[in-house]
Amino acid sequence: MKRDKNIKGQIDFNLKNVKKTEVRLLTSGIRIVAQKGETSAACPYCGIVSNKVYEHRKQLILDKPSNDKKVEIELNKRRFVCVNSECSAKTFTENIEGLSSTRRYTRAFENYLKDLVSRKGYMEAQRFLQYKYGLNVSLTTLFYLNC
Ligand SMILES: [Zn+2]
């Protein structure tokens, strides 16, 4: 168990301004539970800062493998109430930096995939991800990355 603790301390992930609240070692890899540290967020429409949380939503995001293990981030994303009565947005989701455009991966994971594809080709990259990390990444996703 001491070894597990050492691994946990070393785990880093690739989202900015997000802090890890928990690290779980699963047989399938590493799961990091994380959320933004700030208690408030600015509405993207009117810019007014709100600290009224409307709801929490969990989102699972893949990050670049670390220590030869799959890394997934369980992101606790918050939706805030816009406190500006003049604003057309009633609620808004906090912005998380470092996510890919699909928001299912971190940008670091996306770059890792691109690199893998350029070294191994699409088919081999897909097989490698499945075999090594148990990840099912479709060929469509891999094609799409390289556009
Ligand atoms: Zn607003």
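The shown structure was predicted, so the numbers you read here are calculated from the model rather than taken from an experiment.

**Q** For this particular structure, what's the right way to read the environment of Phe-128?
**A** Here Phe-128 lies in helix 3 (residues 122-133). Put simply, Phe-128 and Leu-116 are 12 residues apart on the chain and 9.0 Å apart in space, counted from C-alpha to C-alpha. Setting aside chain neighbours within four positions, we find Phe-128 in contact with Tyr-112, Leu-116, Lys-120 and Tyr-133.

**Q** Explain the coordination of the zinc ion here, please?
**A** Six octahedral donors around a metal ideally sit at 90 or 180 degrees from one another, while four tetrahedral donors ideally sit at 109.5 degrees. Here the zinc ion is held by Cys-43 (SG), Cys-46 (SG), Cys-82 (SG) and Cys-87 (SG), and the distances to it run 2.3 to 2.4 Å. Here the zinc ion binds four donor atoms, and the angle range of 102 to 115° at the metal identifies the geometry as tetrahedral. Each donor residue of the zinc ion lies on the same chain, and together they follow the pattern C-x2-C-x35-C-x4-C. Here Cys-82 lies in the loop between strand 6 (69-81) and strand 7 (91-93) and Cys-43 lies in the loop between strand 3 (41-42) and strand 4 (49-50), a separation of 39 residues in the sequence.

**Q** Would you mind showing me how to read the environment of Ala-108 here?
**A** The topology assignment puts Ala-108 in helix 2 (residues 107-120). In this structure Ala-108 comes out as buried when scored by relative accessible area, which is 19%. Put simply, Ala-108 and Gln-126 are 18 residues apart on the chain and 17 Å apart in space, counted from C-alpha to C-alpha. Here Ala-108 is in contact with Asn-14, Asp-63 and Lys-64, once residues within four sequence places are set aside.

**Q** Is there a simple way to explain helix 2 in this structure?
**A** Residues three or four positions apart in an α-helix share a direction because the helix packs 3.6 residues into each turn. For helix 2, with 14 residues, the first-to-last C-alpha span of 20 Å sits near the 20 Å given by 1.5 Å per residue. Three or more residues of helix 2 are buried, namely Ala-108, Phe-109, Glu-110, Tyr-112, Leu-113, Leu-116 and Val-117. Elements in contact with the buried residues of helix 2: strand 5 (53-66), helix 3 and helix 4 (139-145). One or two residues past the end of helix 2 sits Gly-121, with phi positive at roughly 85°.

**Q** Please clarify how the side chain of Lys-70 should be interpreted in this entry.
**A** When you line up the elements, Lys-70 lands in strand 6. Looking at Lys-70, the relative accessible area reads 13%, which means it is buried.

**Q** Can you help me understand the pairing of strand 5 in this one?
**A** On a regular strand, each side chain points to the face opposite its neighbour's, so the side chains alternate between the two faces of the sheet. Two elements, strand 5 and strand 6, share 11 bridges in a ladder whose sense is antiparallel. Note that in strand 6 the partner of Val-53 across the bridge is Phe-80. Linkage of strand 5 to strand 6, two consecutive antiparallel strands, is achieved through a turn of two residues, within which Asn-67 is found at a positive phi near 50°.

**Q** Looking at this structure, how should I read unusual backbone geometry?
**A** Residues apart from glycine generally show negative phi values, whereas peptide bonds are mostly found in trans. Positive phi outside glycine occurs at Asn-67, with the angle close to 50°. Along the chain, Asn-67 falls in the loop between strand 5 and strand 6. Backbone geometry at Asp-68 places phi at a positive 65°, although glycine is not the residue there. Turning to its location among the elements, Asp-68 is positioned in the loop between strand 5 and strand 6.

**Q** I tried to follow the pairing of strand 2 (residues 29-36) on my own but got confused; where do I start?
**A** Within strand 2, seven of the eight residues are buried, which leaves it mostly tucked inside the rest of the structure. Note that strand 1 (residues 18-26) and strand 2 share eight bridges and pair antiparallel. Along strand 2, the bridge assignment pairs Lys-19 with Gln-35. The pairing of strand 2 with strand 6 spans five bridges and is parallel.

What counts, and at which threshold
- Residues numbered from 1 in each chain as written.
- Predicted model: local features only at pLDDT ≥ 70, side-chain atom pairs only at ≥ 80, totals over all residues.
- Heavy atoms only, no water.
- Helix = DSSP H or I, 4+ residues; strand = E, 2+ residues; numbered from the N terminus.
- Contact = heavy atoms within 4.5 Å.
- Donors = N, O, S within 2.8 Å, 3.2 Å for Na, K, Ca; no water.
- Tetrahedral: all angles 85-135°; square planar, octahedral: opposite > 155°, others 65-115°.
- Buried < 20%, exposed > 50% of the residue type's maximum accessible area, 1.4 Å probe, protein only.
- Expected span 1.5 Å × (residues − 1).
- Pairing = 2+ DSSP bridges.

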